[in-house]
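Secondary and tertiary structure notes
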Amino acid sequence: MRRVKLVDVFTHPISQKYLNRSGVAHAIKVAQYAVQLAVKHEVNPDIAAKAALLHDIGHYEWYTDGEWDFEEYKKNDIHAIKGAERAHRLLIRLGEDRQNAKEIALAVLLHTDSYLPDKTIKKTSLQQIISSADEMDEEPFGKHHYRRIPLEEALHHVMQLDKEIDLHLMSEYRKSV
Ligand SMILES: [Fe+2]
């Protein structure tokens with residue numbers, strides 16, 4: 001039913017490269033929260049999971065003299081803009097439906113308002129879910145980006161989410177026929 005599974009997104013070398021930079025454990029936790037919120041608020045959990053998994057894919061490392069420079073990051077960061085483009089390119093390459101790819105890219109773009117001059121944008125349910133799920137896993141001083149998880153365990157969680165999403169979509173489909 002789904003053209004692209006979460007595990008296809010997760011295991012792609014582009015995701016692996018950037019998720020290892022911004023934190024695999026954080027990305028997975030946010031995807032788990034996003035699926036729970038999506039089911040609760042009747043948003044497609046497949047789209048929510050992909051947007052959540054990729055929400056920080058645009059991160060750049062802000063080091064000054066070997067130390068993380070939080071001030072520099074806060075001033076100049078555009079990770080949501082970079083992430084939206086990266087996520088979109090990756091999803092299209094994987095064969096994702098174009099409308100889904102656009103929705104996911106927009107949710108990545110708006111998961112934080114830290115870089116926006118005007119913070120009064122009205123978010124869709126999906127966009128709100130991704131930003132709430134992100135906040136649910138946030139730790140002070142960006143510590144959530146450094147939490148580690150073994151690859152095996154990460155893969156297990158991702159495949160578990162795929163199963164949950166498939167079951168949910170199948171039961172929604174049954175209700176509709
Ligand atoms: Fe995040």
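Residues numbered from 1 in each chain as written. Predicted model: local features only at pLDDT ≥ 70, side-chain atom pairs only at ≥ 80, totals over all residues.

**Thoughts on the overall build of the protein**
Scanning the protein for helices and strands turns up nine helices and two strands. Each helix and strand of the protein, placed in order from N terminus to C terminus, yields the pattern α-α-α-α-β-β-α-α-α-α-α. Radius of gyration (C-alpha) of the protein: 16 Å, near the 16 Å computed for a compact globule of 177 residues. Based on the C-alpha atoms only, the size of the protein along its principal axes is roughly 60 × 40 × 30 Å. Residue burial in the protein is summarised as follows: out of 177 residues, 38% are buried. (Helix = DSSP H or I, 4+ residues; strand = E, 2+ residues; numbered from the N terminus. Rg over C-alpha atoms; globule rule 2.2 N^0.38 Å. Buried ≥ 20, exposed ≤ 12 C-beta atoms within 10 Å, placed from the backbone.)

**A short note on the nonpolar core**
Of all hydrophobic cores here, the largest spans 43 residues; its most connected members are A34 and A48. Elements with a minimum of two residues in this core: α1 (6-11), α2 (13-22), α3 (24-40), α4 (45-54), α6 (79-94), α7 (98-109), α8 (125-136) and α9 (151-176). Top element by residues in this core is α3. It accounts for 10 residues. Other than its neighbours up to four places away in sequence, A34 contacts A48, A49, A52, I129, I130 and A133. (Core = buried A, V, L, I, M, F, W, Y, C linked by C-beta atoms within 7 Å. Contact = placed C-beta atoms within 7 Å.)

**As for unusual backbone geometry**
The phi torsion at E42 lies on the positive side, around 55 degrees, for a residue other than glycine. Among the secondary structure elements, E42 is positioned in the loop between α3 and α4. Assessed through the 9 C-beta atoms surrounding it within 10 Å, E42 is described here as exposed.

**Re the packing of α2 against α3**
A pair of packed helices can be characterised by two numbers: the angle between their axes and the separation between those axes. Running from N to C, α2 and α3 point in directions that differ by 95 degrees, and their axes come no closer than 6 Å. As judged from the angle between their axes, α2 and α3 are roughly perpendicular. For the pair α2 and α3, the contacting residues are L19, N20 and S22 in the first and V24, H26 and A27 in the second. Split into classes, the residues belonging to the contact of α2 with α3 amount to three nonpolar, three polar and no charged. (Axes fitted to C-alpha atoms, helices over the stretch in contact; angles between N-to-C directions. Parallel < 35°, antiparallel > 145°, perpendicular 65-115°, else oblique. Nonpolar A, V, L, I, M, F, W, Y, C, P; charged D, E, K, R; others polar.)

**Examining the environment of I81**
As for its position among the elements, I81 is in helix α6. With 13 C-beta atoms counted inside 10 Å, the residue I81 sits in the partly exposed group. Along the primary structure I81 and A105 are separated by 24 residues, whereas in three dimensions their C-alpha atoms are 9.1 Å apart. Contact partners of I81, with chain neighbours within four places excluded, come to G58 and L109.

**Notes on α3**
Between its first and last C-alpha, α3 extends 25 Å over 17 residues, near the 24 Å set by a 1.5 Å rise per residue. The element α3 is extensively covered by neighbouring structure, given that 13 of its 17 residues are classed as buried. One or two steps after α3, the chain reaches E42, where phi turns positive at roughly 55 degrees. (Expected span 1.5 Å × (residues − 1).)

**Quick look at α2**
Buried within α2 we find S15, Y18, L19 and S22. All buried residues of α2 project into a common sector of 105 degrees when viewed along the axis, lining one side. Residues of α2 that are exposed and point over 90 degrees away from its buried face: P13, K17 and N20. Its buried side turned inward, α2 meets α1, α3 and α6. One or two positions beyond α2, positive phi appears at G23, with a value near 110 degrees. (Arc of directions from axis to C-beta.)

**Examining the packing of α4 against α9**
Packing of α4 against α9 brings their axes to within 9 Å, and their N-to-C directions diverge by 155 degrees. By the angle between their directions, the pair α4 and α9 is classed as roughly antiparallel. Packed against α4, whose contacting residues are P45, D46 and A49, the element α9 presents L161, I165, H168 and L169 at the interface. Considered class by class, the residues forming the contact of α4 with α9 number five nonpolar, one polar and one charged.

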